[in-house]
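# Analysis of the macromolecular model
Chain by chain, the residues:
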Amino acid sequence: MPSRRTDPLTLEVVELIGSVVARYHEEYEDAAASHQLTGAQARVLNLLSLEPMPMRRIAQQLKCEPSNITGIVDRLESRGLVERRPDPADRRVKLAAPTQEGLQTADRLRESLDFAREPLAGLSTAERAALRDLLKRMLG
């Protein structure tokens, strides 16, 4: 009996997940470029559109070095999409926060990502909920 890690169904699911991830990244890069952003800049802007946060937390969320985030935020700030402001809870900490233009750009970016939206629209609410729950379970 094949192990669960190498059975044909598991291998097929792993390949399909890889294909979904690759297509998502390709579309994300294209959407970012249409707004004159790199993929990394778009990901930071999208994350900040949810809530302002310190650089260290951005780096943790995106699993990269804080020094990389500083450069990305610098470039977004120079374009007027992000600003640095004191954290009201600890004025020694600076938060990166989207400007109004940054929020609008993040919204337009999300709107232009049709890859997953179109196929998901073909699923019932129950199927989308089941897929969501399975993905959450996979992520722990």
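Further up the page is the structure itself.
Here is what the cut-offs are and how they apply
- Residues numbered from 1 in each chain as written.
- Predicted model: local features only at pLDDT ≥ 70, side-chain atom pairs only at ≥ 80, totals over all residues.
- Heavy atoms only, no water.
- Patch = residues over 30% accessible without salt bridge, like charges linked within 9 Å, V, L, I, M, F, W, Y side chains within 5 Å.
- Areas by Shrake-Rupley, 256 points an atom, 1.4 Å probe, with all protein chains shown as cover.
- Salt bridge = Lys/Arg side-chain N within 4 Å of Asp/Glu carboxyl O.
- Helix = DSSP H or I, 4+ residues; strand = E, 2+ residues; numbered from the N terminus.
- Pairing = 2+ DSSP bridges.
- Polar contact = N/O pair within 3.5 Å; in protein donor to acceptor, adjacent residues only side chain to side chain.
- Contact = heavy atoms within 4.5 Å.
- Axes fitted to C-alpha atoms, helices over the stretch in contact; angles between N-to-C directions.
- Parallel < 35°, antiparallel > 145°, perpendicular 65-115°, else oblique.
- Left-handed = near helix turned anticlockwise from the far one by under 90°.
- Nonpolar A, V, L, I, M, F, W, Y, C, P; charged D, E, K, R; others polar.

## As for a nonpolar patch on the surface
Taken together, L9, V13, I17, V21, L120, L131, L135, M138 and L139 make up a surface patch of nonpolar side chains, about 800 Å² in accessible area. If you list the elements that add at least two residues to the nonpolar patch, you get α1 (8-34) and α7 (125-139). Its location among the elements puts L135 in helix α7.

## Considerations on the pairing of strand β3 (residues 90-98)
Pairing of strand β1 (residues 53-54) with β3 involves 2 bridges; the strand directions are antiparallel. By the bridge assignment for β3, M53 is matched with A96. Between strand β2 (residues 82-87) and β3, which pair antiparallel and follow one another directly, the connecting turn spans 2 residues.

## Quick look at unusual backbone geometry
Excluding glycine, a negative phi dihedral is what most residues carry, and trans is how most peptide bonds are arranged. The phi dihedral of Q36 is positive, around 55°, even though this residue is not glycine. With respect to the helices and strands, Q36 occurs in the loop between α1 and α2 (39-50). For K63, which is not a glycine, the phi torsion comes out positive at approximately 55°. With respect to the helices, strands and loops of the structure, K63 is situated in the loop between α3 (55-62) and α4 (66-78).

## Considerations on the side chain of T99
By secondary structure assignment, the location of T99 is in the loop between β3 and α5 (100-111). One polar contact links the side chain of T99 to the main-chain carbonyl oxygen of G80, over a distance of 2.6 Å. Those residues in contact with T99 that lie beyond four places of it in its chain are G80, L81, V82 and E83.

## Topic: the packing of α2 against α5
It is the contact of α2 with α5, at a shortest axis distance of 9 Å, that shows an interaxial angle of 110°. Taken as axis vectors, α2 and α5 run roughly perpendicular relative to one another. Along this stretch, α2 crosses α5, giving a crossing that reads as left-handed. Judged by residue contacts, A42, L45, N46 and S49 of α2 engage G102, L103, T105, A106, L109 and R110 from α5. Of the residues contributing to the contact of α2 with α5, the split by class is 5 nonpolar, 4 polar and 1 charged.

## Re the sheet that holds β1
Here 3 strands make up an open sheet; going across it, the order is β1-β3-β2 and the pairing antiparallel. At either margin of the open sheet sits one strand with a lone partner, and together these are β1 and β2. Against the sheet, α4 engages β2 and β3, with an angle of about 115° to β2.

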